[in-house]
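# Observations on the model geometry
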Amino acid sequence: MNIQDNFIKNKKNIFFSENKYIQNHREKLINIFENDRFDKKNNESLKNINLKHFIDFKYKYLISEETSVINSNQENSYSIVSVNGQCSSFKDDKIEITKILDEDYNDFIKNDTIDKNDHFVNLNSLFLNSGFKIIIKKNNNIKIKISNIITDDDLTIFQKNNYICEEGSSLNLIEEYENKNNSTLNILNVIRLEKNSKLNHFLIQDNSSNHNLIVTSHSSCKKDSTYTQKVYNFSEGYVRNFHYSELIETNSEADLQGIFFLKDNNTSNNKTFVKHSAEDCKSNQVYKGILNDRAKATYFSNTYVDQLAQKTEGYQLSKGILLSDNASYFSKPELKIFADDVKCSHGSTIGPIDENAIFYLRSRGMSKNAATKILISSFINEELSSIDNEQMSEMIQKKLVRYLSKVK
Amino acid sequence: MNSETLNTLDSYSKNKYKYGFVTEIDNEKPKKGLNEETIKFISLKKNEPEWMLDWRLKAYSKWKKMKEPKWANLNFPDIDYQAIYYYSAPKGFEKKPKDLSEVDPKLIETYNKLGIPLEEQKVLAGVAVDVVFDSVSVATTYKGQLEKLGIIFCSIGEAIQKHPDLIKKYLGSVIPPGDHSFSALNSAVFTDGSFVYIPEGVKCPMELSTYFRINAENTGQFERTLIIADKGSYVSYLEGCTAPKRDDNQLHAANVELIALEDAEIKYSTVQNWYPGDEDGKGGIYNFVTKRGLCAGKNSKISWTQVETGSAITWKYPSCILKGDNSIGEFYSVAITNNFQQADTGTKMTHIGKNTKSKIISKGISLGKSQNTYRGEVSFLRKAEKARNYTQCDSLLVGNQCGAHTVPYIDSKNNTAIIEHEASTSKINEDQLYYCRQRGLSHEEAVSLIVNGFCKQVLQELPMEFAVEAQKLVSISLEGSVG
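The rules we used
Residues numbered from 1 in each chain as written. Chains lettered and ligands numbered in written order. Predicted model: local features only at pLDDT ≥ 70, side-chain atom pairs only at ≥ 80, totals over all residues. Heavy atoms only, no water. Helix = DSSP H or I, 4+ residues; strand = E, 2+ residues; numbered from the N terminus. Buried < 20%, exposed > 50% of the residue type's maximum accessible area, 1.4 Å probe, protein only. Contact = heavy atoms within 4.5 Å. Areas by Shrake-Rupley, 256 points an atom, 1.4 Å probe, with all protein chains shown as cover. Axes fitted to C-alpha atoms, helices over the stretch in contact; angles between N-to-C directions. Parallel < 35°, antiparallel > 145°, perpendicular 65-115°, else oblique. Left-handed = near helix turned anticlockwise from the far one by under 90°. Nonpolar A, V, L, I, M, F, W, Y, C, P; charged D, E, K, R; others polar. Patch = residues over 30% accessible without salt bridge, like charges linked within 9 Å, V, L, I, M, F, W, Y side chains within 5 Å. Salt bridge = Lys/Arg side-chain N within 4 Å of Asp/Glu carboxyl O. Lys, Arg positive; Asp, Glu negative; His and termini not counted. Charge placed at Lys NZ, Arg CZ, Asp CG, Glu CD. Buried area = accessible area lost by both parts, 1.4 Å probe. Polar contact = N/O pair within 3.5 Å; in protein donor to acceptor, adjacent residues only side chain to side chain. Core = buried A, V, L, I, M, F, W, Y, C linked by side-chain atoms within 4.5 Å. Pairing = 2+ DSSP bridges. Phe/Tyr/Trp six-rings, centres within 6.5 Å; stacked < 30°, edge-to-face > 60°. pLDDT = per-residue confidence, 0-100.

This part takes up the overall build of chain B. Helix and strand counts for chain B come out as twelve helices and 24 strands. Burial analysis of chain B (483 residues in total) assigns 62% to the buried set. Taking the contacts inside chain B whose residues are at least 6 apart along the sequence as the reference set, 84% of them involve residues at least 24 apart. For chain B, the exposed surface amounts to about 18,600 Å²; the carbon and sulfur share of it is 49%.

Next comes the structure, spelled out in structure tokens:
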């Protein structure tokens, strides 16, 4: 079924379909789809994707009988179970959870950092059917763990979450995506960091091979704020990680990191984009990938430095290891710089595991397989050892061991 | 700013684009515009055989269906292809002059101004020149000695007449006419250019060179160069470009094809100094060039070196297709943009064969209000076992109104291939500047010295004759925008 029919038929299930302004915007989006027809040639974000799957989808959404759970187990620590993208409201003196409102959607329309032809974001806006908003109140230090649960097969969930970290607050956010059903989750996180706030954002992705996950995030950082994001992708199904960050006031920082482990026929598309709009900001984009079997991955990184953003430091690094003849990796580390007093660089490497290192380990009596595994672990060691949460560190180690057990 | 700097700036501002003179010679042109008539006119003027005309017309019909590639980071008004003269020859040139005494003295004067060693004593310097003045090749020096070795070095027009077999076999084999709209345009209307064939086992004893110059107003120059290096041969080819100063934008869409067979090596160096437009961004050349080399045989090597200082718009990606096993591709580039210039340049290395290697060194310098983009693609195909690439692209920004951009595409489909890419962008190091100033250099001189040092890796790849000129060009290009 094409997108327009899909939209008309399911209009009543979609958020904000009463709002005229939003309605107009959606009509424009439908026009974009009609005109562009998912032209792969001129749209890099569609590389390696089996489009049919995403265009001719069958829209299905239901609100589950299972309800979401919000627990405040320890002081300043919350765990949330979001079911099919829904989360019930909650309020105390530190955080507030509500449904997303028309105005949250409106605010986002005006943002032009995200490419107009990013069809997955457009689909999200068009079919929006779930989502919530979390506000971390002033000067609080909070930990939140969110488990994103999808209850049924064949669901198409278009979710939008807003996070607002008020002045001086600090949030440690762990998001888990571990679903084993044949559904598609398209989620957009819009994150706003007020003055002097801090957000450590972990995304752990471990879905089964029939589950599609599309995660897009947009964060904007005000004065002295810091956004750190770490993505761990162990999924066997398709995952798209597109993360945009905007440094809009001085002395803010964005750090976007990710590692992905691919095997079989799996594909993963990744993108990070940092826009420096103010002076004295720092950014860092580091992605590492390990590809086995016939896996394919793309990684686009982009640092944009506005004319006003002097004294910028922006770094990018992309590293890929190909374990098999049939794996392929595409990377495009881009720099767009309009200011002169900057330090920007990127590095990118793709290759096999270093033969000399293997030789060294084998000469010490190790089997080839064991040597390979050790070298893969050391390749990502920096990312793993920087996790300060013991429980999470253990969980990721387990997943790594599971991945390595399939490496020959 | 001290008085010394002001003086230097003053002298620089007087010393503008010194190649911006116009030689007044009667030109013979067809009507403006592009249509089948124009192409037939060109073909007729060049006395071409039937098959060549067919080839051109086929390319033209392809061009009609194509759109200009729009992906480059360039901003310019649409080109009106019907407002351009597609052929321009000094009158009375249907018959070629036999030696220099028959050439119009004004022409010789022009070349003297350009500093081309056409005259006898300069020929001793060992450069054989095939001069292209607008669209017709004027004189080819040093031909005799080359002929003895079996080297063919002539204009492409002559080659179509005399060596149709080679032309039929190789023309369009690396850049098919239907590749993109500029290659189709060039294939339809190309007027002149050089043809080089180096026979098996011959090492060309001198550097071959062509000097292109757009003289007539409103003419596009569409030259076509084809270089074939047969088994085990070697050739080094130089290309230099200047154009007079005019307010209109002129179009230059060249195609250069290189073919290196087994064990052959081609070194292609360019110093491009087309008129870049004035301080307000008026006028200047639109330079849309397709250059591609094919390493067809085993152990072959193609090396591109370019110094790009001119043109209002540069759209140029000299690339290598590394098809033969163990073949090597190299790309060294310096691109300097000033005022309102825009450059989108880089390379494409396609690794097909085993053990193929490529190296890319690109240095971009942006000044004034210019935009400088490096765009390069490195791809390893499935069978490119143990292929290797190293890429380094650095950008230097002078002033806060310019932009420097890096857009590399890296694609690996082979797990034994290794690819390394690094890039950095920064401004001139204050410490280095301070050090030079302390040693008594003026600000201008210090910047020039540092920029030359920044480009050294590339400049040292140029043949002797060009290296000196290129260094001077680098300094001139920095004029007026430093301090």
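The next subject is the overall build of chain A. What chain A contains, in helices and strands, is nine helices and 20 strands. Within chain A, the proportion of its 408 residues that are buried is 59%. Across chain A, the fraction of contacts at a sequence separation of at least 24, relative to all contacts at a separation of at least 6, is 82%. For chain A, the exposed area adds up to about 16,900 Å²; of that, 45% sits on carbon and sulfur atoms.

A few words now on unusual backbone geometry. Within the chain, A:Asn84 stands out as a residue other than glycine whose phi angle is a positive 50°. Mapped onto the elements, A:Asn84 comes out in the loop between strand 2 (77-83) and strand 3 (90-91).

All names here are of chain A. At a closest axis distance of 9 Å, the pairing of helix 6 (residues 355-363) and helix 7 (residues 368-379) adopts a crossing angle of 125°. Between helix 6 and helix 7, the angle falls in the class oblique. In this structure, helix 6 meets helix 7 at a crossing whose hand is right-handed. Two secondary-structure elements touch here, helix 6 through Ala357, Ile358, Leu361 and Arg362 and helix 7 through Lys368, Ala371, Thr372, Ile374 and Leu375. Partitioning the contact of helix 6 with helix 7 into residue classes produces six nonpolar, one polar and two charged.

Attention now moves to a positive patch on the surface. A cluster of basic residues, B:Lys58, B:Lys62, B:Lys64 and B:Lys65, forms a positive patch at the surface. Tracing the backbone shows B:Lys64 in helix 3 (residues 50-64).

Residues and elements named next belong to chain A. Axis separation between helix 7 and helix 9 (residues 390-405) bottoms out at 11 Å; the angle between their running directions is 140°. Between helix 7 and helix 9 the crossing geometry is right-handed. In contact with Lys373, Ile376 and Ser377 of helix 7, helix 9 contributes Leu400, Leu404 and Ser405. Taken together, the residues of the contact of helix 7 with helix 9 sort by class into three nonpolar, two polar and one charged.

Let us look at the interface of chain B and chain A. You'll often see interface size given as the accessible area lost when the parts meet. Taken together, the contact pairs 33 residues of chain B with 36 residues of chain A. When chain B packs against chain A, close to 2,700 Å² is buried across both sides, 49% of that on carbon and sulfur atoms. Taken together, the links from chain B to chain A amount to one salt bridge. Between B:Lys427 and A:Asp341 there is a salt bridge, and its shortest N-O distance comes to 3.8 Å. Scanning the region where chain B abuts chain A turns up 13 residue pairs in polar contact (both at pLDDT 80 or more). Those elements giving two or more residues to the side of chain B that touches chain A turn out to be strand 23 (403-412) and strand 24 (418-427) of chain B.

Below, the discussion takes up the nonpolar core. By size, the foremost hydrophobic cluster in this structure holds 81 residues, and its most contacted members are A:Phe127, A:Leu291 and B:Leu208. Examining the composition of this core, we find that four residues originate from one element, helix 5 (residues 119-127) of chain A, more than from any other. B:Leu53, B:Tyr60, B:Ala253 and B:Tyr317 belong to the second largest nonpolar core, which has 30 residues in total.

So, on to the pattern of salt bridges. All names here are of chain A. Counted by the stated rule, this structure contains 28 salt bridges over all chains. In this structure, the salt-bridge partner of glutamate 176 is lysine 145, at a minimum N-O distance of 3.4 Å. One end of the pair, glutamate 176, is in strand 8 (residues 170-177); the other, lysine 145, is in strand 6 (residues 141-149), and 31 residues separate them in sequence. On the basis of relative accessible area, glutamate 176 is assigned to the buried category, the value being 13%. One salt-bridge network, held together by shared partners, links Glu178, Asp206, Lys399 and Arg402.

So, on to the pairing of strand 10 (residues 198-205) of chain A. Residue and element names in this part refer to chain A. Taken across its eight residues, strand 10 has six buried, putting it largely inside the fold. As paired strands, strand 8 and strand 10 are joined by eight bridges and run parallel to one another. Its bridge partner lying in strand 10, serine 170 is registered against lysine 198. Sheet topology note: the strand 10/strand 12 (residues 226-233) ladder contains eight bridges and is parallel. Bridged to glutamine 205 within strand 12 is asparagine 233.

A word on the packing of aromatic side chains. Within the structure shown, the criterion is met by 27 aromatic pairs over all chains. Between A:Phe260 and A:Tyr329 the ring centres are 6.1 Å apart and the planes differ by 45°, which places this aromatic pair in the tilted class. Taken as a pair, A:Phe260 in strand 14 (residues 253-262) and A:Tyr329 in strand 19 (residues 328-337) lie far apart in primary sequence, 69 residues in all. Here A:Phe260 falls in the buried class, since its relative accessible area comes to 1%. Judged by relative accessible area, A:Tyr329 falls into the buried class, the value being 0%. Among the aromatic residues, ring-to-ring pairing joins B:Trp71, B:Phe76, B:Phe182, B:Tyr286, B:Phe288, B:Trp315 and B:Tyr317 into one connected group.

Another point: the confidence of the model for chain B. A low pLDDT score tells you not to read the predicted coordinates there in detail. Residues and elements named next belong to chain B. For chain B, the average pLDDT comes to 79, and 77% of its residues sit at 70 or higher. In this model, residues 117-127 is a region of pLDDT below 50 whose contacts with residues beyond four sequence positions or in other chains number 23 contacts. Note on residues 134-139: pLDDT is under 50 here. Beyond four places in sequence and across chains, it has 34 contacts.

Turning next to the confidence of the model for chain A. Per-residue confidence for chain A gives a mean pLDDT of 87; residues scoring 70 or more make up 98%. Mean pLDDT per element in chain A: strand 1 (residues 69-74) of chain A is the minimum at 72, and strand 12 of chain A is the maximum at 94.

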